[in-house]
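Spelled out, the chains give:
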There are 2 protein chains.
Amino acid sequence: MIRRLDHIAIAVVDLEAAIARFVDDFGIQLAGREDVPSASTSTAFLPIEGTQIELIYPIEGEGPVAKFLAKRGGGLHHLCFETDDIDGDMQRLIKKGYRFLTDAPVDGAHGTRVVFIHPKSAGGVLIELAEYSR
Amino acid sequence: MIRRLDHIAIAVVDLEAAIARFVDDFGIQLAGREDVPSASTSTAFLPIEGTQIELIYPIEGEGPVAKFLAKRGGGLHHLCFETDDIDGDMQRLIKKGYRFLTDAPVDGAHGTRVVFIHPKSAGGVLIELAEYSR
């Protein structure tokens, strides 16, 4: 079951400049950084009241975020909902006709297991589901 | 000063289908609807822990959201931060080099005054600032 909006991810062409923008110009604090090898991204987390902004930048210019930036430039990339049952939600949504980018969840940031719904299944929005380990 | 993420807006090609997706498939409750003449949009609000999803659909096929849909199809459209001083933030950000889509705030949903930062000023992300009346 989906519990909350875990984060909204923004693909950025310059991670340091993007962090400076959100911290210095918009007054949102930087909580941490983490590399996510499964997505070939380096990420920065900026919590804001119940959810967070996640800035994502491609590691070594590879992976889907690098392709997104090459095609569109920086911009809103995906939404992530926290679920308390990623396997159950994935099976439930497959039965409703949703397609996923992988056959099973993979390791995400913060020790989560994550899976992405194909944007063609969700009105053009890339939606991630994430389950935190307890 | 920016206080919180007020909403994340998704442009949709079919408002009823999008509401059904978020309510029936993702379990997020619909809180209300409102037409926003200043943006030529019909909107639906779905709160989720401290922020909300806002589905936006062009009224009578006109306005910037209609253009967005014609160009890209449905998808993530903008972020909105709540501020307690929209005029002060606007002037402060202009001094830092940000450009805005209008010269002054206009009427938004829920009795807010809103203004949009040009995405070219913000790494490709369309960012709205909104101040609620007290």
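Scoring rules and cut-offs
Residues numbered from 1 in each chain as written. Chains lettered and ligands numbered in written order. Predicted model: local features only at pLDDT ≥ 70, side-chain atom pairs only at ≥ 80, totals over all residues. Heavy atoms only, no water. Helix = DSSP H or I, 4+ residues; strand = E, 2+ residues; numbered from the N terminus. Contact = heavy atoms within 4.5 Å. Salt bridge = Lys/Arg side-chain N within 4 Å of Asp/Glu carboxyl O. Buried < 20%, exposed > 50% of the residue type's maximum accessible area, 1.4 Å probe, protein only. Phe/Tyr/Trp six-rings, centres within 6.5 Å; stacked < 30°, edge-to-face > 60°. Least-squares fit on C-alpha atoms with pLDDT ≥ 70 in both. Pairing = 2+ DSSP bridges. Buried area = accessible area lost by both parts, 1.4 Å probe. Polar contact = N/O pair within 3.5 Å; in protein donor to acceptor, adjacent residues only side chain to side chain. Nonpolar A, V, L, I, M, F, W, Y, C, P; charged D, E, K, R; others polar.

(A) Representation of the side chain of Asp89(B) in the model. Here Asp89(B) shows up in helix α3 (residues 86–95). Look past the residues within four positions of Asp89(B) in its chain and what remains in contact with it is Met1(B), Ile2(B), Thr83(B) and Leu129(B).

(B) Here's a closer look at the pattern of salt bridges. All names here are of chain A. According to the stated counting rule, one finds 14 salt bridges over all chains in the structure shown. A salt bridge links Glu-82 to Arg-4, with the shortest nitrogen-to-oxygen separation between them at 2.6 Å. Taken as a pair, Glu-82 in strand β5 (residues 75–83) and Arg-4 in strand β1 (residues 2–11) lie far apart in primary sequence, 78 residues in all. In this structure, Glu-82 and Arg-4 share a single accessibility class: buried. The salt bridge involving Arg-33 is made with Glu-16; its shortest N-O contact spans 2.9 Å. With a gap of 17 residues between them, Arg-33 in strand β2 (residues 32–36) and Glu-16 in helix α1 (residues 15–25) connect regions that are remote in the sequence. Connected through salt bridges with shared partners, the residues Arg-4, Asp-6 and Glu-82 form a single ionic network.

(C) Examining the packing of aromatic side chains more closely. Per the counting criterion, the structure on display carries six aromatic pairs over all chains. Measuring from ring centre to ring centre gives 5.4 Å for Phe22(A) and Phe26(A), while their planes differ by 80°; the resulting arrangement is edge-to-face. In this structure Phe22(A) comes out as buried when scored by relative accessible area, which is 3%. Taking relative accessible area as the criterion, Phe26(A) reaches 2% and is therefore assigned buried. Consider the rings of Phe26(A) and Tyr98(B), whose centres lie 5.8 Å apart with planes at 40°: the pair is tilted. Residue Phe26(A) is found in the loop between α1 and β2, and its partner Tyr98(B) is found in the loop between α3 and β6 (106–107); the two belong to separate chains. Tyr98(B) carries the same exposure label as Phe26(A), and that label is buried. The structure contains a cluster of three or more aromatic residues connected by ring pairs, namely Phe22(A), Phe26(A), Phe81(B) and Tyr98(B).

(D) Structural detail: the relation of the copies chain B and chain A. Rotating chain B by 180° and translating it 0.0 Å along the rotation axis places it on chain A, where the RMSD comes to 0.0 Å. Such a turn and shift between the copies fits a two-fold axis. Within chain B, Gly50(B) has its C-alpha nearest the rotation axis, a separation of 2.7 Å.

(E) Representation of the sheet that holds strand β6 (residues 106–107) of chain A. All names here are of chain A. Judged by pairing direction, the sheet is mixed, and its eight strands sit side by side in the order β2-β3-β4-β1-β5-β8-β7-β6 without closing on themselves. The open sheet has two edge strands, β2 and β6, and neither has a second partner. With eight bridges joining them, β1 and β5 adopt antiparallel strand pairing. Following the sheet pairing, Leu-5 is matched in β5 by Phe-81.

(F) The sheet that holds strand β5 (residues 75–83) of chain B, seen in detail. Residues and elements named next belong to chain B. Taking strand neighbours across the sheet as the criterion, the eight strands line up as β2-β3-β4-β1-β5-β8-β7-β6 in an open arrangement whose pairing is mixed. Each edge of the open sheet carries a strand with a single partner, namely β2 (32–36) and β6. With five bridges joining them, β2 and strand β3 (residues 41–48) adopt antiparallel strand pairing. Residue pairing across strands places Gly-32 opposite Phe-45, the latter belonging to β3.

(G) Quick look at the interface of chain B and chain A. Counting from both sides, the interface comprises 36 residues of chain B and, opposite them, 36 residues of chain A. When residues of chain B are sorted by the area they lose upon contact with chain A, Asp25(B), Phe26(B) and Leu76(B) head the list and together hold 21% of the total. In this structure, the connection of chain B to chain A is made through two salt bridges. With a shortest N-O distance of 3.0 Å, Lys96(A) and Asp25(B) are connected by a salt bridge. Run the count over chain B and chain A and you get 10 residue pairs in polar contact (both at pLDDT 80 or more). At the level of secondary structure, the elements contributing two or more residues to the side of chain B that touches chain A comprise β1 (2–11), α1 (15–25), β4 (51–58), β5 and α3 of chain B. By residue class, the composition of the side of chain B that touches chain A is 18 nonpolar, nine polar and nine charged.

(H) Structural view of unusual backbone geometry. Residues and elements named next belong to chain B. Residue Ser-40 is not a glycine yet carries a positive backbone phi of 55°. Within the secondary structure, Ser-40 is located in the loop between β2 and β3. Phi at His-110 takes a positive value of approximately 60°, unusual for a residue other than glycine. Note on placement: His-110 falls in the loop between β6 and β7 (112–117). By relative accessible area, which is 37% here, His-110 ends up partly exposed.

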